[in-house]
Amino acid sequence: MHLLFATSIVPDGALASGYEIANAAIIAALRRAGARVTVIGFIWPGKVASDPENTVVLGAVDVRTESASALKKLIWVGKAMLSGLTFASVKLRAVSERDVQAALERAGPFDGYVLNSVQFAGAFEKLLEDRPSLFVAHNVEHLSARENAATASGLFQRLLFRREARLLEIVEERLCRRARFVFTLAEEDRAALGVATDNRSAVLPLATGASAPARKGPRQIDCDAALIGTWTWQPNRIGLDWFLGKVVPHLRRDFRIRIAGHMPSGVTSAHPGVEFVGRVPDARAFVSGAAVIPLISTAGSGVQLKTIETFELGLPSVATGRSLRGIDHRPDNCVVTDDPAAFARALEAAAADIRDVDGSAFHRRQVKALDAAIQLGLEKLGAVRREVFA
């Protein structure tokens, strides 16, 4: 079976975000199941596809809102209003539908689409209706947009997120209805998308690689706690604001916290132990230098890849309930609480008594369940194909 994996940004091998890690895991699982997978989409400027022989690149785009100029943002908003598309999808209309159609034809004969999240599918929806599809919902995007609207600082931004939520709900419902099978990354997302039956959907438990991370001797502890993330993404920003505003004030003043990743303007902390370190060359080495990992998600949907990586590495953690979305099993060294003061006390206790565990069993469990879910979806798609071509 030849599948066309339609996504906003094609893999370039960097695995710099949770989205890219998830995509790599899903594509690898499809290929382990015996499918031939060709990826189509855009690429970050200055990057090259990691698997060029099986990738169709439509062009280079930078879809990050935070780094766009004011003029570029206005152009995006104007195009979204005129086209009726979401703000997220209109960023991908950097090429014409004719160009995309030609690229689809160049990809050669294929049996179906894997529509990877709503952005690309929403941008070129009419072109992707001629074959059966699987839909991968990384998040329930319309619910995330509603949460973003509720926490937006300005009226214009709030109205934009409300529009995004309204349109996303319509597109997500349409993509789920047309799909032969839907994959989500968290159990609760199945119900939120209206596909919570086993013949319509399955959860994809993710892993960050084909094998469990290797531990190279005892860890060298450089700080009490470490966080890394794309903090310009609004759901991550909401969690960070909660952590800095609600949890950190309860920590003793000599508790050392290092926070890596691109930081939006205005994020500060009066706590003397908080250090913003920007980009780091090795994310895994960075978190492995901390006594405990705070898992601080308080908004959004889908799965938290940082939670999965932390569990694979066997690192001690303190997590909000929201951080465990899509996780069926948590290790013994993970404490769960949504109370800020209790969260702070648990961080201090974990840093004082470091208890690492073997994360390989968690990794094996995730990969086994991922492969089973992928196989189920391919069977649904294959049954439809046999009916069509019989």
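Everything quoted here is computed from the prediction, not taken from an experiment.

Enquirer: Sorry if this is basic, but what is going on with the overall build of the protein here?
Expert: If you tally the helices and strands in the protein, you get 13 helices and 13 strands. Projecting the C-alpha coordinates of the protein onto the three principal axes gives extents of approximately 65 × 45 × 40 Å. Across the 390 residues of the protein, 54% fall into the buried class. In the protein, the proportion of contacts linking residues at least 24 apart, taken out of those at least 6 apart, comes to 66%. Of the roughly 17600 Å² that the protein leaves accessible, carbon and sulfur atoms contribute 52%.

Enquirer: Can you help me understand the confidence of the model for the protein in this one?
Expert: The predicted coordinates ought not to be read in detail in places where the model reports low pLDDT. Counting all residues, the mean pLDDT for the protein is 88, and 96% of those residues have values of 70 or more. Mean pLDDT in the protein bottoms out at helix α13 (residues 360-389), which sits at 80, and peaks at helix α12 (residues 340-352), which reaches 97. Within the model, pLDDT remains below 50 along residues 384-390, and this stretch shows three contacts once partners closer than five positions in the same chain are excluded.

Enquirer: What is the right way to look at the sheet that holds strand β3 (residues 55-60) in this model?
Expert: Strands in a sheet are paired, the pairing made by backbone hydrogen bonds, and the direction either parallel or antiparallel. The sheet built from seven strands is open, its strands ordered β3-β2-β1-β4-β5-β6-β7 with parallel pairing. One side of each edge strand has no neighbouring strand; the edge strands of this open sheet are β3 and β7 (201-203). Along the sheet, successive strands turn relative to each other by an average axial angle of 15°, direction set aside. In terms of strand pairing, strand β2 (residues 36-43) meets β3 through four bridges, oriented parallel. Following the sheet pairing, Ile40 is matched in β3 by Val56. Across the sheet, helix α4 (residues 97-106) touches β1 (2-9), β2, β3 and β4 (112-116), and the angle it forms with β3 is around 160°.

Enquirer: Got a minute to help me understand the pattern of salt bridges in this structure?
Expert: Between side chains of opposite charge, a pair can form when the charged atoms approach closely. Throughout the structure, instances matching the rule amount to 19 salt bridges. Across the salt bridge formed by Arg219 and Asp356, the nearest N and O atoms sit 2.8 Å from each other. A residue pair is termed long-range when its members are at least 10 positions apart, and Arg219 in the loop between β7 and β8 (223-228) and Asp356 in the loop between α12 and α13 qualify at 137 residues. Its relative accessible area of 31% is what places Asp356 among the partly exposed residues. A single network of salt bridges, built from pairs that share partners, joins Glu125, Glu129, Arg174 and Arg178.

Reading the values: the criteria
- Residues numbered from 1 in each chain as written.
- Predicted model: local features only at pLDDT ≥ 70, side-chain atom pairs only at ≥ 80, totals over all residues.
- Heavy atoms only, no water.
- Helix = DSSP H or I, 4+ residues; strand = E, 2+ residues; numbered from the N terminus.
- Buried < 20%, exposed > 50% of the residue type's maximum accessible area, 1.4 Å probe, protein only.
- Contact = heavy atoms within 4.5 Å.
- Areas by Shrake-Rupley, 256 points an atom, 1.4 Å probe, with all protein chains shown as cover.
- pLDDT = per-residue confidence, 0-100.
- Pairing = 2+ DSSP bridges.
- Axes fitted to C-alpha atoms, helices over the stretch in contact; angles between N-to-C directions.
- Salt bridge = Lys/Arg side-chain N within 4 Å of Asp/Glu carboxyl O.

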